[in-house]
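Here are the chains, one letter per residue:
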Amino acid sequence: MNPDLTFSHLSTIKVNAHHPTKLYQQAEHAVYWLGIDEETAFRCNVYLIVDGRQAVLVDPGSRSFFPTVRRQVAQLLPPEQISGIILCHQDPDVAASFLDWLELAPRARIYTSPRTQVLLPHYGRSGYEYSDITAQPRLELPSGAALRFIEAPFLHSPGAFVTYDETARCLFSGDIWAALDVDWQLVVDDFHAHRQRMDLFHLDYMASNIATQGFVRRLDGLTIDAILPQHGSIIPPRHVAAALAYLRNLHCGTDIYYPDLQSAAGY
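Residues numbered from 1 in each chain as written. Predicted model: local features only at pLDDT ≥ 70, side-chain atom pairs only at ≥ 80, totals over all residues. Heavy atoms only, no water.

Under an unreviewed UniProt entry, the name given to the protein chain is Beta-lactamase domain-containing protein, and the source organism is Desulfurivibrio alkaliphilus.

1. Notes on the sheet that holds strand S2 (residues 29–34)
Operational definition: A pair of strands is considered paired only if DSSP assigns at least 2 bridges between the two. The secondary structure listing takes helices from DSSP runs of H or I that are at least 4 residues long and strands from runs of E that are at least 2 residues long, numbered from the N terminus. Only C-alpha atoms enter the line fits that serve as axes; for helices the fit covers just the stretch in contact. Angles between N-to-C directions range over 0 to 180 degrees.
Spatially, S1-S2-S3-S4-S5-S6-S7 is the arrangement adopted by the 7 strands of the open sheet, whose pairing is mixed. Strand pairing shows two members of the sheet lacking a second neighbour, strand S1 (21–26) and strand S7 (129–132), which therefore form its edges. The average angle at which neighbouring strand axes cross in this sheet is 20°, direction not considered. Direction of pairing for S2 relative to strand S3 (residues 46–51): antiparallel, over a ladder of 6 bridges.

2. Observations concerning the nonpolar core
Defined as follows: Note on terminology: a nonpolar core comprises buried Ala, Val, Leu, Ile, Met, Phe, Trp, Tyr and Cys residues joined through side-chain atoms within 4.5 Å. Using a 1.4 Å probe on the protein chains alone, a residue whose accessible area is under 20% of its type maximum counts as buried, one over 50% counts as exposed, and one in between counts as partly exposed. Every residue pair with non-hydrogen atoms within 4.5 Å of one another is taken to be in contact.
Judged by nonpolar contacts, the single largest core of 31 residues is most densely connected at Ile176, Trp177, Phe215, Leu219, Ile224 and Leu247. Of all elements in the fold, only strand S10 (161–165), helix H5 (191–205), helix H6 (209–218) and helix H7 (240–248) reach the threshold of two or more residues within this core. The dominant element in this core, judged by the number of residues it contributes, is H7, at 5 residues. Dropping the residues within four chain positions of it, Ile176 is found in contact with Ala152, Leu155, Val162, His202, Met206, Phe215, Pro229 and Leu247. Residues Ala30, Cys44, Phe98 and Ile110 belong to the second largest nonpolar core, which totals 30 residues.

3. Some points on H6
We apply this condition: Of all possible arcs, the one meant is that of the directions from the helix axis to the C-beta atoms.
Here H6 has its buried residues at Asn209, Ala211, Thr212, Phe215 and Val216. Taken down its axis, H6 places every buried residue within 160° of arc, on the same side. Turned more than 90 degrees off the buried face of H6, the exposed positions are Ile210 and Arg217. Its buried side turned inward, H6 meets strand S9 (146–151), S10, H7 and helix H8 (254–257).

4. A word on the pattern of salt bridges
The cut-off we apply is this: Whenever a carboxyl oxygen of Asp or Glu lies within 4 Å of a side-chain nitrogen of Lys or Arg, that contact is scored as a salt bridge.
Evaluation of the coordinates by the stated rule reveals 9 salt bridges. The salt bridge partner of Glu140 is Arg138, with a shortest N-O separation of 3.0 Å. For Glu140, a relative accessible area of 59% corresponds to the exposed category. One continuous salt-bridge network, built from bridges that share partners, spans Arg138, Glu140, Arg148 and Glu166.

5. Observations regarding the side chain of His156
As a reminder of what qualifies: For the purposes of these results, a polar contact is taken to be a pair of N or O atoms within 3.5 Å, where, inside protein, one atom must be able to donate a hydrogen and its partner to accept one; residues adjacent in sequence count only when each atom of the pair is a side-chain atom.
Along the chain, His156 falls in the loop between S9 and S10. Only 2.9 Å separates the side chain of His156 from the side chain of Asp175, close enough to count as a polar contact. When neighbours within four sequence positions are excluded, His156 is seen to be in contact with His89, Asp91, Asp175, Tyr205 and Met206.

6. Details of the pairing of strand S11 (residues 170–174)
For S11, the tally of buried residues reaches 5 of 5 residues, placing the bulk of the element in the interior. Both faces of S11 are covered, namely the face carrying Cys170, Phe172 and Gly174 and the face carrying Leu171 and Ser173. Relative to S11, S10 runs antiparallel, the two sharing 3 bridges. Within the sheet, the bridge partner assigned to Tyr164 lies in S11 and is Leu171. If you look at the hairpin formed by S10 and S11, you'll find 4 residues sitting between the two strands, and Arg169 has a positive phi there, around 60°.

7. Here's the deal with the UniProt feature "domain: Metallo-beta-lactamase" (unreviewed entry) in the protein chain
Keep this limit in mind: UniProt positions are given in the numbering used here, feature names are shortened, and annotations may be inferred rather than shown by experiment.
UniProt records the feature "domain: Metallo-beta-lactamase" (unreviewed entry) for residues 43–231 in the present numbering. End C-alpha to end C-alpha, residues 43–231 measures 6 Å, and it is 26% helix and 25% strand.

8. Regarding the packing of aromatic side chains
For the record, the criterion: Classification of ring pairs uses Phe, Tyr and Trp, with its six-membered ring standing for Trp, and accepts pairs whose centres are within 6.5 Å; under 30 degrees between planes counts as stacked, over 60 as edge-to-face, and the remaining range as tilted.
In total, this model carries 10 aromatic pairs according to the counting rule given. On the basis of an interplanar angle of 80° and a centroid distance of 5.0 Å, the ring pair of Phe66 and Trp101 is categorised as edge-to-face. In this pair, Phe66 sits in helix H1 (residues 66–74) while Trp101 sits in helix H3 (residues 98–104), placing the two residues 35 residues apart along the sequence. Note on accessibility: Phe66 and Trp101 belong to one class, buried.

9. Remarks on the sheet that holds strand S12 (residues 226–229)
Backbone hydrogen bonds are what pair the strands of a sheet, in a parallel or an antiparallel way. What the 5 strands build is an open sheet, ordered S8-S9-S10-S11-S12; its pairing is mixed. Among the strands making up the open sheet, the edge pair consists of strand S8 (138–140) and S12. Taken over all neighbouring pairs, the strand axes of this sheet differ in orientation by 20° on average, direction set aside. Of the strand pairs in this sheet, S11 and S12 are connected by 4 bridges, and their pairing is parallel. Of the residues in S12, the one forming a bridge with Leu171 is Ile227.

The following block contains the structure:
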């Protein structure tokens, strides 16, 4: 029986890019980081939620990542056992390998928003099983755990959303709280320094302070023990409050490009 593991231990994790890294385990419910051995500031994270015999990939990444992610998954379970794929938006660094996963696991269901779903067939495939997260914002898992889908419009895609694991109390945040950093580490240590790395992404990619503030309001009432973005480092429990404050106070996108209009509107 695997011992329980919570996000409070994140700072002690040692990463081996050739093996899946367990981040959380409670009974049959586990969360893994599937490492990508890629030396680039635009490093992408892929996550796997395993719940009993059900396994859900979160933002599986580009097609170039597929062989690496498949090998990581195979160390935990038969890759054809993947039952679901969450796509927080349509960008190729997030979504493109869903084509490869559907070849391997054709019964896997795609969980995404309508604004993303309408674009996915342009990758060259349609006719797969699809769940609209705006119509069904909660996915119940075999153990009794559940995933909650929370819309995050214009951060940065109009159809973007995040996934909250109600049991692990972590937020798979996609591009929100993403960071660019050539000196990457799995977990944020110095949040003050990390803000600059998030700025490199957010100032250009996120729409506005209205969008960031509105999204943070949607998180009211949630207990968040860790934030797991698709780029950069995981934000551990001790920095979650600072991460929420970062978004509340962030001026980005149209705030920067049209400052005269923002001033006229009183923002």
